[in-house]
Amino acid sequence: MNMHKIFLLMTACITFCAPQILASTDKKAVVLYAKPANTSEAMIKNHLINLGLIDEIVVYINEEYLLPQTLTFKIGARDGPLYDPISNEIFIPYFFIKEAKNRFSDAHYSETRVSVDDATWDALMHTLLHELAHALIAIYNLPVVGKEEDAADSLATILLIEFFNEGTEIAISAADLFYLESEDIVGSEEDYWDEHSLDIQRFYSTICLVYGSSPEKYIDLVNDMNFSEKRLTLCIDEYQNLLDNWIVLLKPHLKPMSRARMFEAE
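Residues numbered from 1 in each chain as written. Predicted model: local features only at pLDDT ≥ 70, side-chain atom pairs only at ≥ 80, totals over all residues. Heavy atoms only, no water.

1. Section: the overall build of the chain
Formally: Strands here mean DSSP runs of E at least two residues long; helices mean DSSP runs of H or I at least four residues long; both are numbered from the N terminus. Contacts: residue pairs with any heavy atoms within 4.5 Å of one another. Each accessible area is a Shrake-Rupley result for a 1.4 Å probe, and residues are judged covered by the shown protein chains and nothing else.
For the chain, the helix and strand inventory stands at ten helices and seven strands. Within the chain, counting contacts between residues at least 6 apart in sequence, those at least 24 apart form 61% of the total. Here the chain has roughly 13800 Å² of accessible surface; of this, 52% comes from carbon and sulfur atoms.

And the structure:
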């Protein structure tokens, strides 16, 4: 996976370390890194900084959206992944990243020709955008009909595909993590009344959007999963409908030079 590295100066701190964002009054997304508690967390933090993965998302937000207040990504938080609408912060624990890596490793994911490390960063990127979706819904008071968790999944996948290098491949790795997590389902009542759809449903929904975004390219992917012809047609329609609808909802909050404006209906 090729990631655009964003070079940011680092400032000293005690608990959280924040990259210095290029001076601009309209840039209001920032990332803070918690002090690692051990060597494993220190390695994760260093990898993230060197990759520039989270910085890329911060730059994307600052280029695209008119934010009324600072949105802070806190990496290494004790809880999460989650978005807190009160503080307008997104929390991503180091242990979440470690657990994702362990799942991919235990599943011998490198046999898919995607390394365990790359799959882990892919899943993290989808998670960051999923929590960003919750933030945008709250900040702009966007209407959501149905489960907000499903809406956040769809926006995260669309943002990956439309705005990030190799976004469809990133989404596939993220979907595979849902699949691996679905193996933990034991059929308890909690699994069914949870605000999230079942992990296996999130897997198929994400793959459906990937196919719908580029049917010719990903026909072999869905053929291996025995999608019906009717469902494949609906995947194409769903992707375009979701893309159009999200652009309509976000349009009033986009900057004049936003890349998303290229999708505006005439």
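Further notes follow.
2. Focus on the packing of aromatic side chains
This is how it is decided: Centre distance within 6.5 Å is the pairing criterion for rings of Phe, Tyr and Trp, where only the six-membered ring of Trp is used; planes under 30 degrees apart are then read as stacked, over 60 as edge-to-face, and the remainder as tilted.
The full count for this structure, using the stated rule, is seven aromatic pairs. Each member of the aromatic cluster is reached from another via a ring pair, and the members are Tyr60, Tyr65, Phe163 and Phe164.

3. Looking at helix H2 (residues 53-64)
The α-helix winds at 3.6 residues per turn, so residues separated by three or four positions along the chain end up facing the same way. Convention followed: Helix span is expected to be 1.5 Å times the residue number reduced by one. Whether a residue is buried, partly exposed or exposed follows from its accessible area with a 1.4 Å probe, protein chains only, as a fraction of its type maximum: under 20%, in between, or over 50%, in that order.
Taking 1.5 Å as the rise per residue, H2 with twelve residues should run 16 Å; its terminal C-alpha atoms sit 17 Å apart, in good agreement. The element H2 is extensively covered by neighbouring structure, given that ten of its twelve residues are classed as buried. Here H2 has its buried residues at Leu53, Ile54, Asp55, Glu56, Ile57, Val58, Tyr60, Ile61, Asn62 and Glu64.

4. Thoughts on the pattern of salt bridges
A pair can form between side chains of opposite charge whenever their charged atoms are brought close. Threshold: Take a side-chain nitrogen of Lys or Arg and a carboxyl oxygen of Asp or Glu: if they are within 4 Å of each other, that pair is a salt bridge.
Enumeration according to the criterion identifies six salt bridges in this entry. Between Glu64 and Arg259 there is a salt bridge; the shortest N-O distance is 3.1 Å. Placement of Glu64 in helix H2 and of Arg259 in the segment after helix H10 (229-250) is noted, with a sequence separation of 195 residues between them. A relative accessible area of 2% places Glu64 in the buried class. For Asp117, the salt bridge goes to Lys101, with nearest N and O atoms at 3.1 Å.

5. Digging into the packing of helix H5 (residues 148-163) against helix H8 (residues 199-213)
Operational definition: Note on geometry: axes are lines fitted to C-alpha atoms, helical ones only across the stretch in contact, with angles between N-to-C directions running from 0 to 180 degrees. By convention the crossing between two helices is left-handed if the near helix lies anticlockwise of the far one by an angle smaller than a right angle, and right-handed if it lies clockwise. Each residue receives one of three labels: charged for Asp, Glu, Lys and Arg, nonpolar for Ala, Val, Leu, Ile, Met, Phe, Trp, Tyr, Cys and Pro, and polar for the others, Gly being one of them.
Across the interface, H5 lies against H8 with an axial gap of 10 Å and an inter-helix angle of 35°. Where H5 crosses over H8, the handedness of that crossing is right-handed. Between H5, through Asp153, Ser154, Thr157 and Ile161, and H8, the contact on the second element is made entirely by Arg202, Thr206, Leu209, Val210 and Ser213. Looking at the contact of H5 with H8, its residues break down into three nonpolar, four polar and two charged.

6. Focus on the state of the cysteines
To keep things clear, this is the line we draw: Cysteine sulfur atoms that come within 2.5 Å of each other are treated as a disulfide pair.
For the structure on display, the rule yields one disulfide. The residue that forms a disulfide with Cys208 is Cys235, at a sulfur-sulfur distance of 1.9 Å. Here the disulfide of Cys208 and Cys235 is left-handed, its torsion about the S-S bond being about -120°. A residue pair is termed long-range when its members are at least 10 positions apart, and Cys208 in helix H8 and Cys235 in helix H10 qualify at 27 residues. Residues Cys208 and Cys235 agree in their burial class; the two are buried.

7. Some thoughts on the nonpolar core
To be explicit about the condition: To qualify as a nonpolar core, a set must consist of buried Ala, Val, Leu, Ile, Met, Phe, Trp, Tyr and Cys residues joined through side-chain atoms within 4.5 Å.
By size, the foremost hydrophobic cluster in this structure holds 69 residues, and its most contacted members are Ile61, Tyr65, Phe73 and Ile75. Considering every element that reaches this core, the biggest residue donor is helix H4 (residues 116-139), with eleven residues. Setting aside chain neighbours within four positions, we find Phe73 in contact with Val30, Val31, Leu32, Ile57, Val58, Ile61, Ile90 and Leu128. Counting eight residues, the second-largest nonpolar core is a separate cluster that includes Ala119, Ala123, Leu177 and Leu180.

8. As for unusual backbone geometry
In this chain, Gly80 is followed by Pro81 through a cis amide linkage whose omega measures 5°. Looking at the secondary structure, you find Pro81 in the loop between strand E5 (71-75) and strand E6 (82-84). For Asn88, which is not glycine, the phi dihedral falls at a positive 55°. With a phi close to 60°, Glu166 is a non-glycine residue in the positive phi region. Along the chain, the position of Glu166 falls in the loop between H5 and helix H6 (167-182).

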